Amino acid sequence: MKKILVGLKRAVDYNIRVRVNSGGTGVETDGVKMSINPFDEIALEEALRLKEAGHAGEVIVVSVGAPEAQQQLRTGLAMGADRAILVTTSDPLSPRIVAKTLLALVNRESIELVIVGKQTIDGDNNQTGQMLAALWDRPQATFASKLEIDGDSLQVTREVDAGLEVLDVDLPAVVTADLRLNEPRYVKLPDIMKAKKKPLEEIALSDLGVAAEAGVKTTKYAPPQSRSKGVMVDDVDGLVSALTDKGLL
Amino acid sequence: MSKILIVAEHDGRQLNTATTKCVSCASEIADATIDVLVLTTAGSEVAAQAAAISGVGRVRVIEDPANEHAVAAMQAPQVVALAGEYSHVFGPSTTFGKDLMPRVAALLDVDQISDVMTVIGSHEFERPIYAGNAIVTVTAPADQIVVATVRTASFQAAEQGNAVAPVENAEVEVEIPDHTRFVALHAEASDRPDLQTAARVVSGGRALGSAENFEIIYKLADALGAAVGASRAAVDAGYVPNELQVGQTGKIIAPALYVAVGISGAIQHLTGIKDAGTIVAINKDEEAPIFEVADIGLVADLFQAVPELEKALSSRT
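Just so we're clear, the structure is a prediction, and the values are computed from it rather than from any experiment.

About the cut-offs
- Along each chain, residues carry numbers from 1 onward, in the same order as the chain's sequence is written.
- Each chain gets a letter, beginning with A, and each ligand a number, beginning with 1, in the order they are written.
- Thresholds applied to this predicted model are a pLDDT of at least 70 for local features of residues and 80 or more for the giving and counting of side-chain atom pairs; totals over whole chains, interfaces and linings are not thresholded and use all residues.
- The side-chain numbers reported here are obtained from all heavy atoms of the structure, hydrogens and water having been left aside.
- Counting from the N terminus, the helices are DSSP H or I runs at least four residues long and the strands are E runs at least two residues long.
- Radius of gyration means the value over C-alpha atoms here, while the globule rule gives 2.2 Å times the residue count to the 0.38 power.
- Relative accessibility under 20% of the residue-type maximum defines a buried residue, over 50% an exposed one, and the middle range a partly exposed one, all with a 1.4 Å probe and only protein chains included.
- In what follows, a contact means two residues having at least one pair of non-hydrogen atoms within 4.5 Å.
- Shrake-Rupley sampling with a 1.4 Å probe provides the accessible areas, and residues are treated as covered by the protein chains on show and by no other component.
- Asp and Glu count as negative and Lys and Arg as positive, but His and the ends of the chain are not part of the count.
- Just so you know, the charge point we use is NZ for Lys, CZ for Arg, CG for Asp and CD for Glu.
- By this definition, two strands are paired if DSSP reports at least two bridges between them.
- To get an axis, a line is fitted to the C-alpha atoms, and for a helix only the part in contact is used. The angle between two axes follows their N-to-C directions and goes from 0 to 180 degrees.
- Definition used in this section: a nonpolar core is a set of buried Ala, Val, Leu, Ile, Met, Phe, Trp, Tyr and Cys residues joined via side-chain atoms within 4.5 Å.
- Buried surface area refers to the total accessible area, computed with a probe of radius 1.4 Å, that the two partners give up upon joining, counted for both partners together.
- Salt bridge criterion: a side-chain nitrogen from Lys or Arg within 4 Å of a carboxyl oxygen from Asp or Glu.
- The definition of a polar contact used here is a pair of N or O atoms within 3.5 Å, where within protein one atom must be able to donate a hydrogen and the other to accept one, and adjacent residues in sequence count solely through side-chain atom pairs.
- When residue character is reported, Ala, Val, Leu, Ile, Met, Phe, Trp, Tyr, Cys and Pro are called nonpolar, Asp, Glu, Lys and Arg charged, and the others, Gly included, polar.
- Comment on the angle field: the value is read as roughly parallel under 35 degrees, roughly antiparallel over 145, roughly perpendicular from 65 to 115, and oblique elsewhere.
- Here is the rule for handedness: rotate from the far helix to the near one, and if that takes an anticlockwise turn smaller than a right angle the crossing is left-handed, while a clockwise turn gives right-handed.

**Considerations on the overall build of chain B**
- Counting its secondary structure elements, chain B contains nine helices and 16 strands.
- On C-alpha atoms alone, chain B measures out to a radius of gyration of 21 Å, which is about the 20 Å that the 2.2 N^0.38 rule sets for 317 residues.
- Looking at the 317 residues of chain B, the share that counts as buried comes to 61%.
- The contacts of chain B with a sequence gap of at least 6 include a subset with a gap of at least 24, amounting to 64%.
- When the accessible surface of chain B is split by element, carbon and sulfur atoms take 46% of a total near 11900 Å².
- For chain B, the centre of its 20 positive side-chain charges and the centre of its 40 negative side-chain charges are spaced 5 Å apart.

Shown next as structure tokens:
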């Protein structure tokens, strides 16, 4: 039976309005709620549905980074993943290093399908899945909104700028999840209890043979430029005059 | 001196404007030569269109039947085959570029810089993170190829028309994988302006309530000669197709006029429109966050205000 690997990144919760810290060295994370990156949660939901439909034998969730990410892995286990792997490092990680880490696990675990979110809502990079597919020399189906498994291939519907594109890819493959792929399930209390007994392996990044060598460096964080305050109009006539005044009509 | 290669986006017939934005971005790097790479099938006119962009030094063409559709797994090795001649490889931050460029970067074993919004130097750029809630400055190693996607809304389109750069066929020996097959593209035909490049955009949100009600958005857009967009909520609800979505995970646009109708203004939506010239918001909730960024705000029932506005605009012409 196929094994599916799902990446879960610990990220600032979707509902938090993020602010740059006073030193310009990062964003405020003190006391800020952390969650699974929403796109990764969708990725996991899809993997669980494939398993429930009999297309996969095991769903493994993995996170790379600080030890605190085990909270998000426990949530993933409570959603229904079979086991979790936490790859720990204190080094800054680029999507390329994460992709190398995932590749090491793909090889170790003989993974046939990797599903990750199309992007994380912190770095907004939108790279990791594509990079993994490149390093693995396997197909990628990014921005997936529908996925159908057919023996050793996948039909994936992708949300692209022009509309919906359908790709047919051989397995093993990498899929990146878009928002409309599914709606992730809610975790129930008994599942949270059960998840505590599921295996969570911790392994250091260096023990996987991956070096967090430096590449592109972030040197400064700044708040965005804010737009200047606008005017409120009372009615449609006021709106038409305001547009006319701006030379837009 | 920088040598920049830009991977052109096109549909086989027409060069995408995103490519001209990439040329503008590349032009901001001092002392640079700019080549455009067109991956295409034989006999395409796209190369000639790319050659007409001001600032382009040379157009390089790889003709291969595999390029009938832009499939990243097939195109990445072709880009990589030429990348070694360059200091920078850029693509647009569209679904095309987002799919392809990280695959190119990984094959070159370099990090990729996503969504370049400002050029500070040849290896120093600004880009947004956290849906635009923070802007970071990033520095790429001087001894590596810089692979980046360009946030097209941050750059004006380079002029197209007068220039005639030489067009050369590039002969490359690459193995193109057969593990990925294009099946179909489902795109809704529309006579309206293209959302990504339109000077005016009218967008509708969840408050429209149904696909039928969205008709008033189309009518207002037609009265303005505008493209139609939508919030994620409206797309999720099935009122309009996904290609109309504006925001962090949809299209990032910079029209001169953006009219947001019945859109509350989640940060994920606002990041898609913050470069618009003038933002107009029509919403019945005066507390809606969209009013914090709107240049002109109208608190009103959209089902009254929008038809009234459409009528007022139509009677002017």
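This is not the end of the story, as more comes after the structure.
**Focus: the sheet that holds strand E5 (residues 83-88) of chain A**
- Spatially, the ten strands line up as an open sheet ordered E11(A)-E5(A)-E4(A)-E1(A)-E6(A)-E10(A)-E7(A)-E8(A)-E9(A)-E11(B), and their pairing is mixed. The sheet terminates laterally at strand E11 (200-204) of chain A together with strand E11 (180-186) of chain B, the two strands that pair on one side only. Across the sheet, the axes of successive neighbouring strands diverge by a mean angle of 30 degrees, strand direction being ignored.
- The pairing of strand E1 (residues 3-7) of chain A with strand E4 (residues 58-65) of chain A spans five bridges and is parallel. Note on E4(A): the bridge partner recorded for Ile4(A) is Val59(A).
- Docked against the sheet, helix H4 (residues 128-136) of chain A engages strand E6 (113-117), strand E7 (140-150) and strand E10 (173-177) of chain A, running at close to 175 degrees with respect to E10(A).

**Some thoughts on the nonpolar core**
- With 49 residues, the main nonpolar core has Leu5(A), Val87(A), Val114(A) and Leu100(B) as its most contacted residues.
- By size, the runner-up hydrophobic cluster in this structure holds 43 residues, among which are Ile4(A), Leu44(A), Ile121(A) and Ala173(A).

**Some remarks on the sheet that holds strand E13 (residues 227-230) of chain B**
- Ordered in space as E13(A)-E16(B)-E15(B)-E14(B)-E12(B)-E13(B), the six strands form an open sheet in which the pairing is parallel. Strands at the two margins of the open sheet, each flanked by one partner only, are strand E13 (231-233) of chain A together with E13 of chain B. Across the sheet, the axes of successive neighbouring strands diverge by a mean angle of 20 degrees, strand direction being ignored.
- In this sheet, strand E16 (residues 296-299) of chain B lies alongside strand E15 (residues 278-283) of chain B in parallel orientation, the contact comprising four bridges. Looking across to E16(B), one finds that Asn283(B) is bridged to Val299(B).

**Considering the interface of chain B and chain A**
- With 83 residues of chain B at the contact, the number on the chain A side is 76 residues.
- Here chain B meets chain A over a buried area of about 6900 Å², counting both sides, of which 52% is carbon and sulfur.
- Counting across the chain B and chain A interface gives nine salt bridges.
- With a closest N to O distance of 2.7 Å, Asp295(B) and Arg227(A) form a salt bridge.
- Remark: the boundary between chain B and chain A carries 45 residue pairs in polar contact (both at pLDDT 80 or more).
- Tallying contributions element by element places helix H4 (residues 95-108) of chain B first for the side of chain B that touches chain A, with eight residues.
- Considering only residue class, the side of chain B that touches chain A consists of 42 nonpolar, 20 polar and 21 charged.
- Pairing between strand E9 (residues 163-170) of chain A and E11(B): six bridges, direction antiparallel. Bridge pairing in E11(B) links Val169(A) to Thr180(B).

**Points about the environment of Ser114(B)**
- If you trace the backbone, Ser114(B) turns up in strand E5 (residues 112-116).
- Among residues more than four places away in sequence, those in contact with Ser114(B) are Asp124(A), Asn125(A), Gln127(A), Arg127(B) and Thr149(B).
- At 2.8 Å, the side chain of Ser114(B) and the side chain of Gln127(A) are in polar contact.

**A word on the side chain of Lys98(B)**
- Counting through the fold element by element, Lys98(B) comes out in helix H4.
- With residues up to four places along the chain from it excluded, the contact list for Lys98(B) reads Asn126(A), Gln130(A), Phe143(A), Pro92(B), Ser93(B) and Asp115(B).

**Here we look at helix H1 (residues 17-27) of chain B**
All names here are of chain B.
- With nine of eleven residues buried, H1 lies mostly within the body of the structure.
- Taken as a whole, H1 has its buried residues at Ala18, Thr19, Thr20, Lys21, Cys22, Val23, Ser24, Cys25 and Ala26.
- Close packing links the buried residues of H1 with strand E1 (2-7), strand E2 (32-40), strand E4 (88-92), E5, strand E6 (118-121) and strand E9 (146-150).
- One side-chain oxygen at the N-terminal end of H1 lies 2.8 Å from the backbone nitrogen of Ala18; it belongs to Asn16.

**So, the pairing of strand E8 (residues 153-160) of chain A**
All names here are of chain A.
- Summarising burial for E8: seven of the eight residues are buried, a large majority.
- Judged from the six bridges that link them, E7 and E8 form a sheet pairing that is antiparallel. Of the residues in E8, the one forming a bridge with Asp150 is Ser153.
- Connecting E7 to the antiparallel partner E8 that follows it, the hairpin turn spans two residues, and Gly151 within it adopts a positive phi of roughly 65 degrees.

**Brief notes about the packing of helix H3 (residues 95-109) of chain A against H4(A)**
Residues and elements named next belong to chain A.
- Their axes nearest at 8 Å, the elements H3 and H4 cross at an angle of 50 degrees. Accordingly, the angle class assigned to the pair H3 and H4 is oblique. The handedness of the crossing between H3 and H4 comes out as right-handed. Between H3 and H4, the residues in contact are Pro95, Arg96, Val98, Ala99, Lys100, Leu102, Leu103 and Val106 and Thr128, Met131, Leu132, Leu135 and Trp136, respectively.
- For the contact of H3 with H4, the per-class residue count stands at ten nonpolar, one polar and two charged.

**Some details on the pattern of salt bridges**
- Under the defined criterion, the tally for this structure stands at 35 salt bridges over all chains.
- Residue Arg158(A) is joined to Glu165(A) by a salt bridge in which the shortest nitrogen-to-oxygen separation is 2.7 Å. The two residues Arg158(A) and Glu165(A) agree in class, both being buried.
- A salt bridge links Asp168(A) to Arg181(B), with the nearest nitrogen and oxygen atoms 3.0 Å apart. You can see Asp168(A) sitting in strand E9 and its partner Arg181(B) sitting in strand E11, one on each of two chains.
- Taking the relative accessible area as the measure of exposure, Asp168(A) reaches 16% and is therefore buried.
- One network of salt bridges, in which partners are shared, links Lys3(A), Glu58(A), Arg83(A), Arg108(A), Glu109(A) and Glu201(A).

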